[in-house]
Amino acid sequence: MNNNDVIIRLRYALSLSNKQVEAIFKKGGVTVSDSDLDRILTRQDKDLPHDHALSNHDLEAFLNGLVIEKRGERKDKNGQIVPPTFDIKTAKLVNNVTIKKIKIAMAYTSDDIQELMELAGDQISNGELSAILRRLDHRNYREAGDRYVRKLLAGMSKKYRG
């Protein structure tokens, strides 16, 4: 699954306009022009690298912006704004981080994610979901495949656009 597919599907599921997508990118620390947005919102060929139209950093910036849009900025105990983290260090982490940040942005519980997966015609066990949401250095960490992101976004589309 390409990075821009995630943006395209999230945009559809949440009924976001181009201006809203630009604002979310901006909250995440990335400014996109109209031409950049057109490139991002156009499906790319499957034989191109998954980050050809949208870098991993820019995808994560969008997801961070979505968290800020939906939940507000995170603050420490002194009231200072804590900048969002950029956790995608390698291409293998894209799906896990995407699921985690969508979960945070939308305030989903594990039950909510399981419900969305079922809406999309798939199932995920508690243990499987827990392994996907763990830190990379945890012994039970498991890499998430494209299927999990695809089904989560499909379930969101069915729930919100139904």
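Further up the page is the structure itself.
Predicted model only: the values in this text are computed from it and were never measured. (Residues numbered from 1 in each chain as written. Predicted model: local features only at pLDDT ≥ 70, side-chain atom pairs only at ≥ 80, totals over all residues. Heavy atoms only, no water.)

K.L.:
Please explain the environment of Asp-51 as it appears in this structure.
P.N.:
Looking at where Asp-51 falls in the secondary structure, it is placed in the loop between α3 (34–40) and α4 (56–71). Under the relative-accessibility criterion, Asp-51 is labelled partly exposed at 32%. Considered as a pair, Asp-51 and Ala-61 are ten residues apart in the sequence and their alpha carbons are 14 Å apart. Contact partners of Asp-51, with chain neighbours within four places excluded, come to Asn-3 and Asn-56. (Helix = DSSP H or I, 4+ residues; strand = E, 2+ residues; numbered from the N terminus. Buried < 20%, exposed > 50% of the residue type's maximum accessible area, 1.4 Å probe, protein only. Contact = heavy atoms within 4.5 Å.)

K.L.:
Would you explain the pattern of salt bridges in this entry?
P.N.:
Think of it this way: side chains of opposite charge can pair up when their charged atoms draw near. The tally for this structure, following the rule as stated, stands at eight salt bridges. Linking Glu-22 and Lys-19 is a salt bridge whose minimum nitrogen-to-oxygen distance equals 4.0 Å. With a gap of three residues between them, Glu-22 and Lys-19 both fall in helix α2 (residues 18–27), about one helical turn apart. Overall, the relative accessible area of 60% leaves Lys-19 in the exposed class. Between Glu-69 and Lys-27 there is a salt bridge, and its shortest N-O distance comes to 2.5 Å. Taken together, the residues Glu-69 in helix α4 and Lys-27 in helix α2 connect sequence positions 42 residues apart. Assessed through its relative accessible area of 41%, Lys-27 is described here as partly exposed. (Salt bridge = Lys/Arg side-chain N within 4 Å of Asp/Glu carboxyl O.)

K.L.:
Teacher, can you tell me more about helix α8 (residues 146–161) here?
P.N.:
In an α-helix there are 3.6 residues to a turn, and that puts residues three or four apart on one side. With 16 residues, α8 ought to run about 22 Å at 1.5 Å a step, and its terminal C-alpha atoms sit 22 Å apart, in line with that. Buried within α8 we find Tyr-148, Val-149, Leu-152, Leu-153, Gly-155, Met-156 and Ser-157. Looking at the buried positions of α8, the neighbouring elements they touch are α1 (3–13), α5 (94–105), α6 (110–119) and α7 (126–133). (Expected span 1.5 Å × (residues − 1).)

K.L.:
How should the nonpolar core be read in this particular structure?
P.N.:
Considering soluble globular proteins, one finds that nonpolar side chains tend to be buried as a cluster. Membership of the largest hydrophobic core comes to 43 residues, with the highest contact counts inside it found for Leu-10, Phe-25, Phe-62, Ile-102 and Met-156. When contributions to this core are tallied by element, the ones reaching two or more residues are α1, α2, α3, α4, α5, α6, α7 and α8. A total of six residues in this core trace back to one element, the largest contributor, which is α4. Aside from chain neighbours lying at most four places away, what touches Leu-10 is Leu-16, Phe-62, Leu-63, Leu-66, Ile-102, Leu-153 and Met-156. (Core = buried A, V, L, I, M, F, W, Y, C linked by side-chain atoms within 4.5 Å.)

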